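Tertiary structure, described
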Amino acid sequence: MTNPATPNDLDRRIRRAGKIGRFLCSTFLIGGTLLALLLLITAATHPEALVKLNLDSKHGAQVAGFRQSPAKLLALLLEKPEEVIHVAGAQQEANKYQDLVDHPEKRGGFVAVTGLLATLILGFTWLLRQLFDAFAEGRVITADNARVLKRLGIALLVCGGLGLNAGIVVAGLLILILGWNLQQALALQAEQALVI
Amino acid sequence: MAIIIRLDVALARRKMSLTELSETVGITLANLSVLKTGKAKAIRFSTLEAICRALDCQPGELLEFDAATPPLLADHPEA
C-alpha cells in the first residue's frame, strides 16, 4: 500500500512538473518560432525547396516508391502501368507546396494564413509556459493562473473554431469554465477573508 | 460602508494596544487591523462578543452608523 502524498510532497511534485513543462514549452517556443520563420520565408521566396522536402506524410510511402531506380521504374511501367500512374498522381497530390511554385500569386495568402496559425499556436504555448512558470514557483491557485487558464480556453476556442474542430472547441470551453470557476472561488475566498 | 468601527476610540479609552487586545481576544493582529481600518466586510457575533468582553463595552460603543455614506447594496437604498 502506498502512503498518501503529504502537502510538501505534493508541492515538490507540482514544482517539478512545472519546471519540466516550462522547459518543454520554452524549447517548443524557440524551435517553433525558428521553424515557422524558416517555413514562411522559404514559402515566400523559394517554395520549390518545400516541394523537395515533401512534408506530406500521407503519401510519403507512395512517393518513396516512385523514387526507385529508373530500371525498376521501367519494369514497373511495363508490368503495371496503372500503378505508376497512380503513384505519380499521389506525388503530385503529396506536394501541396507545388501550387505555390506554379502560382506565385498564392504565396502571400499562404504566408498570411500559415503565419496566423503559427502565431496562434506559439501564443497558446506562451500562455502554457506562463502557467508552468507559476507552478514551478509553487503558485497554483492564484488569480494570475485563473486568468491564464481563461486565456488558454479562449485561445483553444478560437483555434478549434477556425479549424472547425469540435474536440478542440469542447476542450477550450472546459478550460474556460475551469478558469472562470477558479476566478469565482478566489473572489469568494477574498471576500471571506474580510469577514472577521 | 455606512457602518464605522470605533475600535481605535474604544482602545484609546481603555489605554489598551491592538497587540494586547489581539492576545486577550485570540484574534490575529492582522485581522484586528483589518477591522480597525474599516476594511472588514462583516463581523461575526462571536468576534463582537469577544471584543466587548475584552474591552468591557457594549456593541454600540464599537459600531456607528453614518447615514450620509451611500448605501453598499443597490437593492436596499434606505436600509
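Residues numbered from 1 in each chain as written. Chains lettered and ligands numbered in written order. Predicted model: local features only at pLDDT ≥ 70, side-chain atom pairs only at ≥ 80, totals over all residues. Heavy atoms only, no water.

1. Re the packing of aromatic side chains
Residue and element names in this part refer to chain A. The full count for this structure, using the stated rule, is one aromatic pair over all chains. Considering the side-chain rings of Phe 132 and Phe 135, the 6.3 Å spacing of their centres and the 80° angle between planes classify their relative orientation as edge-to-face. Placement of the pair is Phe 132 and Phe 135 together in helix α7 (residues 107-136), with a separation of three residues, close to one helical turn. (Phe/Tyr/Trp six-rings, centres within 6.5 Å; stacked < 30°, edge-to-face > 60°. Helix = DSSP H or I, 4+ residues; strand = E, 2+ residues; numbered from the N terminus.)

2. With respect to the packing of helix α2 (residues 18-25) of chain B against helix α3 (residues 29-36) of chain B
All names here are of chain B. Relative to each other, α2 and α3 sit at 120°, their axes nearing to 9 Å. One element, α2, and the other, α3, form an angle in the oblique class. With respect to the hand of their crossing, α2 and α3 are arranged in right-handed fashion. Residue-level contacts link Leu 18, Thr 19, Leu 21 and Ser 22 of α2 to Leu 29, Leu 32, Ser 33 and Lys 36 of α3. Residues that form the contact of α2 with α3 fall into these classes: four nonpolar, three polar and one charged. (Axes fitted to C-alpha atoms, helices over the stretch in contact; angles between N-to-C directions. Parallel < 35°, antiparallel > 145°, perpendicular 65-115°, else oblique. Left-handed = near helix turned anticlockwise from the far one by under 90°. Contact = heavy atoms within 4.5 Å. Nonpolar A, V, L, I, M, F, W, Y, C, P; charged D, E, K, R; others polar.)

3. Focus on the packing of α2 of chain B against helix α4 (residues 45-55) of chain B
Residue and element names in this part refer to chain B. Their axes nearest at 10 Å, the elements α2 and α4 cross at an angle of 115°. As for how α2 packs across α4, the hand of that crossing is right-handed. Along its contact with α2, which presents Leu 21, Thr 24 and Val 25, the element α4 presents Ala 50, Ile 51, Ala 54 and Leu 55. Partitioned by chemical class, the residues of the contact of α2 with α4 number six nonpolar, one polar and no charged.

4. As for the interface of chain B and chain A
If you look at the interface, chain B gives 11 residues, while chain A gives five residues. Summed over both partners, the interface of chain B with chain A buries about 700 Å², with 65% contributed by carbon and sulfur atoms. The largest share of the area that chain B buries against chain A comes from Lys 41, Ala 42 and Arg 44 of chain B, three residues that together contribute 57% of it. Summed over the shared surface of chain B and chain A, the number is zero salt bridges. Per-element tally for the side of chain B that touches chain A: the top contributor is α3 of chain B, with three residues. By residue class, the composition of the side of chain B that touches chain A is six nonpolar, two polar and three charged. (Buried area = accessible area lost by both parts, 1.4 Å probe. Salt bridge = Lys/Arg side-chain N within 4 Å of Asp/Glu carboxyl O.)

5. What to know about the side chain of Ser 22 of chain B
Secondary-structure assignment places Ser 22 of chain B in helix α2. Those residues in contact with Ser 22 of chain B that sit more than four places away from it in its chain are Ile 27, Thr 28, Leu 29 and Leu 32 of chain B.

6. Section: a nonpolar patch on the surface
All names here are of chain A. On the surface, a cluster of nonpolar side chains totalling about 370 Å² of accessible area is made up of Leu 116, Ile 154, Val 158 and Leu 162. Here the nonpolar patch takes three residues from helix α8 (residues 143-162), the largest share from any one element. One can find Leu 162 in helix α8. (Patch = residues over 30% accessible without salt bridge, like charges linked within 9 Å, V, L, I, M, F, W, Y side chains within 5 Å. Areas by Shrake-Rupley, 256 points an atom, 1.4 Å probe, with all protein chains shown as cover.)

7. Concerning the pattern of salt bridges
This model, assessed by the stated rule, comprises nine salt bridges over all chains. The salt bridge involving Asp 133 of chain A is made with Arg 22 of chain A; its shortest N-O contact spans 2.7 Å. In this pair, Asp 133 of chain A is assigned in helix α7 and Arg 22 of chain A in helix α1 (residues 7-45), connecting sequence segments 111 residues apart. Taking relative accessible area as the criterion, Arg 22 of chain A reaches 23% and is therefore assigned partly exposed. With its nearest N and O atoms 2.7 Å apart, the salt bridge here joins Arg 139 of chain A to Glu 137 of chain A. A network of salt bridges, in which partner residues are shared, links Arg 13, Arg 14 and Glu 61 of chain B. (Buried < 20%, exposed > 50% of the residue type's maximum accessible area, 1.4 Å probe, protein only.)

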